[in-house]
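Per-entry structural report
Chain by chain, the residues run as shown.
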Amino acid sequence: MSWRPTLFVLAAAFLAVFLEASFGFFRNLLGAQIDLLPALMVYTALTLGFTSILLLAVCGGLWFDSLSLNPLGASVLPLLVIGILIYRSRELLLREHLPAQLILGAAAGALQPPGTLFICLNAGVRPLLGWVSLWHWMVMAAGSGAATPICFKLFDRLRRALEYQPATQTSFRPDREIKRGKS
Amino acid sequence: MLKKSHYIILIFVVLAVLVLLQLPGGTIGKLKLAISGLFLPLFGLSSTTHELLGQAKEDLVPRHELIRQIEQLRLDNQQLQLRLQQEAEVWNENARLRGELGWQRQIRWRMVLARVIARDPANWWRSLEIDRGLKDGVRANLPVLTSNGLVGRVQSVGETRSSVVLLGDPNLRVAALVSGTTNETGVIAANVSAPQEEGMIDLDLLSGANLVRPGQNVVTWGAGGVFPAGIPIGKIVDVRPKEFGLSTEARVKLAADLSALQEVWVMLP
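Residues numbered from 1 in each chain as written. Chains lettered and ligands numbered in written order. Predicted model: local features only at pLDDT ≥ 70, side-chain atom pairs only at ≥ 80, totals over all residues.

Some details on the interface of chain A and chain B
Put simply, the rule is: Contact definition: two residues whose C-beta atoms, as placed from backbone geometry, lie within 7 Å. Here a helix means four or more residues in a row that DSSP labels H or I, a strand means two or more in a row labelled E, and each is numbered from the N terminus. Lys, Arg, Asp and Glu make up the charged group, whereas Ala, Val, Leu, Ile, Met, Phe, Trp, Tyr, Cys and Pro make up the nonpolar group; the residues left over, Gly among them, are polar.
Counting residues at the interface gives 39 residues for chain A, matched by 39 residues for chain B. Mapped by element, the contributors of at least two residues to the side of chain A that touches chain B are α1 (4-22), α4 (50-66), α5 (76-88) and α7 (132-162) of chain A. When residues of the side of chain A that touches chain B are assigned to their parent elements, the largest contribution, 7 residues, is made by α4 of chain A. When its residues are assigned to classes, the side of chain A that touches chain B shows 24 nonpolar, 12 polar and 3 charged.

Here we look at the sheet that holds strand β8 (residues 200-207) of chain B
All names here are of chain B. Note the threshold: By the convention used here, strands pair only if DSSP detects at least 2 bridges between them. Each axis is a line fitted through C-alpha atoms, and for a helix only the stretch in contact is used; angles between axes span 0 to 180 degrees, taken between their N-to-C directions.
Pairing within the closed barrel is antiparallel, and its 6 strands lie in the order β6-β7-β8-β11-β10-β9. When strand polarity is set aside, the average angle formed by the axes of neighbouring strands in this sheet is 40 degrees. Two elements, strand β7 (residues 185-189) and β8, share 3 bridges in a ladder whose sense is antiparallel. In the sheet register, Val187 faces β8, and the bridge partner there is Asp204.

Considerations on the domain arrangement of chain B
All names here are of chain B. Threshold: Each domain's extent is set by a domain assignment, obtained either automatically or from a database.
Taken domain by domain, chain B comprises domain 1 (4-58) and domain 2 (109-269). Once you take the C-alpha centre of each, domain 1 and domain 2 turn out to be 26 Å apart. Residue assignment for the side of domain 1 that touches domain 2 shows that the elements contributing at least two residues are α2 (25-36) and α3 (40-59). Looking at the side of domain 1 that touches domain 2, its residues break down into 2 nonpolar, 2 polar and no charged.

Quick word on the sheet that holds strand β5 (residues 162-166) of chain B
For sheets, the rule is that strands pair by backbone hydrogen bonds, running either parallel or antiparallel. Residues and elements named next belong to chain B. Read around the barrel, 6 strands follow the order β1-β2-β5-β4-β3-β12 and close on themselves; strand pairing throughout is antiparallel. Sheet twist, expressed as the average angle between the axes of neighbouring strands with direction ignored, equals 45 degrees. Two strands pair when backbone bridges link them, and strand β2 (residues 127-130) and β5 are joined in this way by 4 bridges, in the antiparallel orientation. Bridge assignment links Ile130 to a residue of β5, and that residue is Ser162.

Structure, rendered in structure tokens:
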């Protein structure tokens, strides 16, 4: 198994958490920050193996929580559950289809916040919740849905560019070569 | 699809997370600072880029505009110098009168400027990270403010950076005083009913005497020992009775714009 795709995904998760914390474009525009980790998890669960899912859930979740007031580890389990659910049924999912990517991304983005909030509430902390949380939830789901096909495109292109591609068999056969001219 | 070994690893990870969630606050704070320390090079890169962009922008400002700004700053400086002299006299008089009455002496505010390096990526918290920590004298629970008013309080401190919990977060409650009324105090709490209203917070636990009016200023009361008295918080927007008129609740428009914070001041002890 090649570790390169896993490292790419982890690097992307690291960068995603940094961007979410540093740039408030979506927060200022839509009133809610978009979380890119569920989209990355959808890609990982449909493309890579169990270890990659585990690493993304643990590292991504801990990085996210370290910059947040969330209890440390609160984001790990929801991400892991999303990853495992998709991984278990990935034979049935149409990985290459854009609608499938959109729906899976949106579903992952919709599952992640309630899961994290459930853990937060059970850990005894009281997050800021109100009617506006529904709007946050919708923005996060839509954002994750939109980000998932971009993730697929980017990572597939990166893999094609950096990984060894076996040479495809050409249709040329010397015995069927057309010889021109008089023999 | 999932093998037996996978299930064992999953159980182990779930248990590890559950243990992590049960760790005491101090340990968690240190762990968080250690993990978020990984982002320091990126934060450094980001602030350097910001500075370079700012410098590039400054280089494009025409000379006559710079001269005009310098003149304006010179005028402002002179005015502030005069006010400072006046304030020093008032301060001395205040100290003398307090001494005669046997009251505790007021302490001058000592400030350290900090740059905001990150915001909470989760939508259900109001917090941010600043680039000042223990080595700059920052400690937990110190007030954080801008020139407009109170912003929040330091939550946890690392060697070179700290986490600040902002006004409007459920973790921060501030004893507040409505200036212009007698003994009308309350508690600033998160605006849970309508957190979408950026820059609005609730002033709760006011008396039912209906003394508070829209437009009145709200400042820190000084009770509780975290925030010194007199830091501006905001202005009353509207007032509504609560618990069948037994108490009153008011909405307060914050003096500081929390959505556009670039730099903040930490008040040192």
